[in-house]
Amino acid sequence: MRVLCAFPEAMPSSNSRPPSCLAPVALFLALLLHLFLSSQAGDRRPLPVDRAPGLKEKTLILLDVSTKNPIRTVNENFLSLQLDPSIIHDGWLDFLSSKRLVTLARGLSPAFLRFGGKRTDFLQFQNLRNPAKSRGGPGPDYYLKNYEDDIVRSDVALDKQKGCKIAQHPDVMLELQREKAAQMHLVLLKEQFSNTYSNLILTARSLDKLYNFADCSGLHLIFALNALRRNPNNSWNSSSALSLLKYSASKKYNISWELGNEPNNYRTMHGRAVNGSQLGKDYIQLKRLLQPIRIYSRASLYGPNIGRPRKNVIALLDGFMKVAGSTVDAVTWQHCYIDGRVVKVMDFLKTRLLDTLSDQIRKIQKVVNTYTPGKKIWLEGVVTTSAGGTNNLSDSYAAGFLWLNTLGMLAHQGIDVVIRHSFFDHGYNHLVDQNFNPLPDYWLSLLYKRLIGPKVLAVHVAGLQRKPRPGRVIRDKLRIYAHCTNHHNHNYVRGSITLFIINLHRSRKKIKLAGTLRDKLVHQYLLQPYGQEGLKSNQPCQYSGIA
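Reading guide: rules and limits
- Residues numbered from 1 in each chain as written.
- Predicted model: local features only at pLDDT ≥ 70, side-chain atom pairs only at ≥ 80, totals over all residues.
- Heavy atoms only, no water.
- Buried < 20%, exposed > 50% of the residue type's maximum accessible area, 1.4 Å probe, protein only.
- Helix = DSSP H or I, 4+ residues; strand = E, 2+ residues; numbered from the N terminus.
- Pairing = 2+ DSSP bridges.
- Core = buried A, V, L, I, M, F, W, Y, C linked by side-chain atoms within 4.5 Å.
- Contact = heavy atoms within 4.5 Å.
- Phe/Tyr/Trp six-rings, centres within 6.5 Å; stacked < 30°, edge-to-face > 60°.
- Lys NZ or Arg CZ within 6 Å of the ring centre and 35° of its normal.
- Disulfide = S-S within 2.5 Å.
- Polar contact = N/O pair within 3.5 Å; in protein donor to acceptor, adjacent residues only side chain to side chain.
- Axes fitted to C-alpha atoms, helices over the stretch in contact; angles between N-to-C directions.
- Parallel < 35°, antiparallel > 145°, perpendicular 65-115°, else oblique.
- Left-handed = near helix turned anticlockwise from the far one by under 90°.
- Nonpolar A, V, L, I, M, F, W, Y, C, P; charged D, E, K, R; others polar.
- Expected span 1.5 Å × (residues − 1).

*Asks:* What exactly am I supposed to notice about the pairing of strand β17 (residues 417-421) here?
*Replies:* Two faces, one strand: in a regular strand the side chains alternate between the faces of the sheet. Of all 5 residues that make up β17, 5 are buried, and the element is covered over most of its length. Where burial is concerned, the two faces of β17 agree: the one with Val417, Ile419 and His421 and the one with Val418 and Arg420 are both buried. Here strand β5 (residues 79-83) runs beside β17; their pairing, made up of 4 bridges, is parallel. Each residue of the ladder has a partner; that of Ser80, found in β17, is Ile419. Sheet topology note: the strand β16 (residues 376-385)/β17 ladder contains 4 bridges and is parallel.

Following this line, the structure appears as C-alpha cells:
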C-alpha cells in the first residue's frame, strides 16, 4: 500500500475538500501490504478491511518531522518527462496534438520535457515538408496526409494560451495508427536487441508538432542533439545541429539543449568510441555554437547523460567534468532497475532493488563534486525495466512502489530533477498508453505533483525493532519521506506538510504522530489497485481520501 498524508497547518473550513481529481472512493481494497494511521488528535481510520491470513500483529511506530530548516530544496520541475525519438519512427509524433494527450501532460506541469533516447544519435534534421504529405495509398499515412487540415483551435483554450493547436482525430485514424505502431514496435525491438539502429529524419514540420505539444502542455523542451555525427578526426560534426538551431531560432522556440545519449555505449552502437575528454570538447563546441544565436545565447545546456556508473562510465564522466564541467548547467545520467526479460511482480517490492539507486547517486556526486562542487545533478531517463519494459508488469500498480521510492530517495539525497522515461508510447515504462489512457504511475505522479513541494524535510522514526542476524543486511522496509506541501495547491496553506509512506512489510504498522505532528489534522490519501488482478493491475488506481 502506498500512502500520502497531508498535514494542513490550519484547520480547513467545513466545505474544504481534497482536490477534485483526488476525490474519495468508497471502495477500499485489502492487500498484503497494510498501514494503519492514527494521531493523538483522535483516531482517523481508513474504511474497514479484512485482515489477510498470515499477517502479524501491528507494530507501533512514533513519527515526527523536523520543520525548522529543509535538508534539501529541489527544482520546481523535479518530476519531469521524456519522449523517445521512436515516436517519429512509429508515427505517434503526429498525434501529440491530441486534446486528451495534451490535457494529461498539462496535469504534470510544470516540468521539463526531454526529447531523447536510444535513437537520439541517429536523428537527422531536414528542413523539409512532412514526408507523409507525399505518400499515398491505404494505411495511416494516407489519412495523415491532410493532417494539418485536421488541426482545429481548441474550444476551451488551456490557460488561454494563444496559438495552441489541438487536434480532434477521428477514431478510424487512431485505430489505423495503432495498427501501424504495433508493426513498427516489432521493428524497434529488433533494432534495440541487435544494437543496429536506422537513421531518423526529423522535419521542420515534425519539430513544430513537438514544440506545440510541449508549449501547450506547459512543459519546457530539452532537445538532445545527435552526437554521433563525427568528422574524420573524431570531433563532432555540427552541421545538422546548426541547421536545427537556426530553424528553431527563426520560430523563436524556447528550448534547452543536450548532446547525445549514453555516450558510454557508442562503441557498441556505432563502432566508434568517444572518451570523456573528447565529449567535453564537443560540449564546448556546442556552447560556442549557441552563443551567436541571440535567443540561445543563454540557453541551458545539460549532459553528458551517461549510463549506469560502472568503472568505465565513471572514467568517462571524470574526463568530461575535467574539460567541460563548468559548461553544463546540470550533470545528467540514466538508471535502469531491472532486466525486463526476467522481471516478475515481486521484484518491485525487494528492498535490495530499491536501494541500488543510492549507491549510484554517491558515485556520481563524488565525481561531480571533485571538479564542480555544488553543481546540480539530474537523473534523466529513469526506467523500472530495460528493453522497453514488460507488459502487465512495468505498467502495473506494483511498479509504483519502485517509482514512488525513486522520487523520495532522489529528493532526499539532493538530486535536482528526475526525468521519467517515458510519458507516452515507448515500451511499457510509459505513463500513458496508446489509447491515451493514464496508467497507475501517471496517477501516482499526478498526486505527487499536486501535494509535494520542493522543500525536503528530515523524518524521525522511533519504535522499529530490528534484530540483526549473522551475515544478513537489515534493510528498511518502511520508507517515509516528508516535504513541505506544494504551495501552488490552494487546498493547503503555507506551512503544511506532506508525508508519503511505503510499507513493504507483510505485517501491519501503526504509526503514531508525535512532536511537531501531534494534534494536527490529517488528510490521508490511500492508493489501491483496481480490479481483481491486485498488484498486476494496470487499470486506473482507486483513491481513498480521508480527512
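*Asks:* Would you explain the nonpolar core in this entry?
*Replies:* One recurring pattern in soluble globular proteins is that nonpolar side chains are buried together. Ranked by size, the top nonpolar core spans 126 residues in total, and within it Phe213, Phe223, Trp257, Tyr296 and Phe423 carry the most contacts. Broken down by element, the residue count for this core peaks at 9 residues, all from helix α13 (residues 399-412). Setting aside anything within four residues of it in sequence, one finds Phe223 in contact with Phe115, Leu123, Leu202, Leu207, Leu210, Leu244, Ile255, Ser256, Trp257 and Glu258. Ile61, Val65, Ile501 and Ile511 belong to the second-largest nonpolar core, a separate cluster that totals 14 residues.

*Asks:* It is not clear to me how the packing of aromatic side chains should be interpreted in this structure. Could you clarify?
*Replies:* Describing an aromatic ring pair means giving the distance of the ring centres and the angle of the ring planes. Using the criterion set out here, one finds 20 aromatic pairs in the structure. When the centroid spacing of 4.1 Å and the interplanar angle of 20 degrees are considered together, the rings of Tyr211 and Tyr253 count as stacked. With a gap of 42 residues between them, Tyr211 in helix α6 (residues 204-217) and Tyr253 in the loop between α7 (239-250) and β12 (255-259) connect regions that are remote in the sequence. Both residues of the pair, Tyr211 and Tyr253, count as buried. An aromatic cluster is present here, built from Phe78, Tyr448, Tyr481 and Phe500 joined pairwise through their rings. Over the face of the ring belonging to Trp403 we find Arg420, whose NZ or CZ atom lies 4.8 Å from the ring centre.

*Asks:* Help me understand the side chain of His430, please; the structure alone is not making it clear to me.
*Replies:* As for its position among the elements, His430 is in the loop between β17 and α14 (440-451). Apart from residues no more than four positions distant in its own chain, His430 is found in contact with Arg420, Ser422, Phe423, Phe424, Asp425 and Leu439.

*Asks:* Which parts of the structure should I look at to understand the state of the cysteines?
*Replies:* Here a disulfide denotes a covalent bond joining the sulfur atom of one cysteine to the sulfur atom of another. The tally for this structure, following the rule as stated, stands at 1 disulfide. The disulfide bridge from Cys164 ends at Cys216, spanning 2.1 Å between sulfur atoms. In this pair, Cys164 is assigned in the loop between β8 (151-153) and β9 (165-167) and Cys216 in helix α6, connecting sequence segments 52 residues apart. The pair formed by Cys164 and Cys216 is uniform in burial state, with each residue classed as buried.

*Asks:* Explanation requested: the side chain of His335 in the structure shown.
*Replies:* Mapped onto the fold, His335 is located in the loop between β14 (330-333) and β15 (336-338). Among the polar contacts made by the side chain of His335, one reaches the side chain of Gln360 at a distance of 3.0 Å. Discounting residues that sit within four places of it in the chain, His335 has contacts with Thr356, Leu357, Gln360, Leu379, Glu380, Gly381, Val382 and Val383.

*Asks:* Help me understand the environment of Gly260 in this model?
*Replies:* Looking at where Gly260 falls in the secondary structure, it is placed in the loop between β12 and α8 (266-270). Separated by 142 residues in the primary sequence, Gly260 and Lys118 place their C-alpha atoms 9.3 Å from one another. Ignoring anything within four residues of it in the chain, the contact list for Gly260 reads Arg114, Thr120, Asp121, Ala224, Leu225, Ala227, Tyr266 and Asn305.

*Asks:* Help me understand the packing of helix α9 (residues 276-290) against helix α10 (residues 311-324), please; the structure alone is not making it clear to me.
*Replies:* Pairs of packed helices are described in terms of their axes, by the angle between the two and the distance that separates them. One way to put it is that α9 packs onto α10 with a least axis distance of 7 Å and a crossing angle of 40 degrees. Between α9 and α10, the angle is such that the two are oblique. Note that α9 runs across α10; the crossing there is right-handed. Residues Gly276, Ser277, Leu279, Gly280, Lys281, Tyr283 and Ile284 of α9 form the contact with α10, whose participating residues are Leu316, Gly319, Phe320, Val323 and Ala324. Of the residues belonging to the contact of α9 with α10, the class tally is 7 nonpolar, 4 polar and 1 charged.

*Asks:* How should unusual backbone geometry be read in this particular structure?
*Replies:* Most peptide bonds take the trans form, and the phi angle of most residues other than glycine is negative. Residues Gly303 and Pro304 are joined by a peptide bond in cis, for which omega reads 10 degrees. Take Pro304: it is sitting in strand β13 (residues 301-306). Residue Ser422 follows His421 across a cis peptide bond; omega there is 10 degrees. In this structure, Glu262 is a non-glycine residue whose phi angle is positive, near 45 degrees. Residue classification places Glu262 among the buried positions, given a relative accessible area of 12%.

*Asks:* What is the right way to look at the packing of α13 against α14 in this model?
*Replies:* Interaxial distance between α13 and α14 falls to 10 Å at its minimum, and their mutual angle equals 30 degrees. Between α13 and α14, the angle is such that the two are roughly parallel. The way α13 lies across α14 gives a crossing that is right-handed. Within the contact between the two elements, α13 uses Ala399, Gly400, Trp403, Leu404 and Leu407 and α14 uses Asp441, Leu444, Ser445 and Tyr448. Of the residues that constitute the contact of α13 with α14, the class distribution is 6 nonpolar, 2 polar and 1 charged.

*Asks:* When you look at α10 in this model, what are you seeing that I'm missing?
*Replies:* Given 3.6 residues per helical turn, the α-helix brings residues three or four places apart onto the same face. Spanning 14 residues, α10 covers 20 Å between terminal C-alpha atoms, matching the ideal 20 Å at 1.5 Å per step. Listing the buried residues of α10 in full gives Val313, Leu316, Leu317, Gly319, Phe320, Met321 and Ala324. Of the surrounding secondary structure, the elements contacted by the buried residues of α10 are α9, β13, β14 and α12 (356-371).

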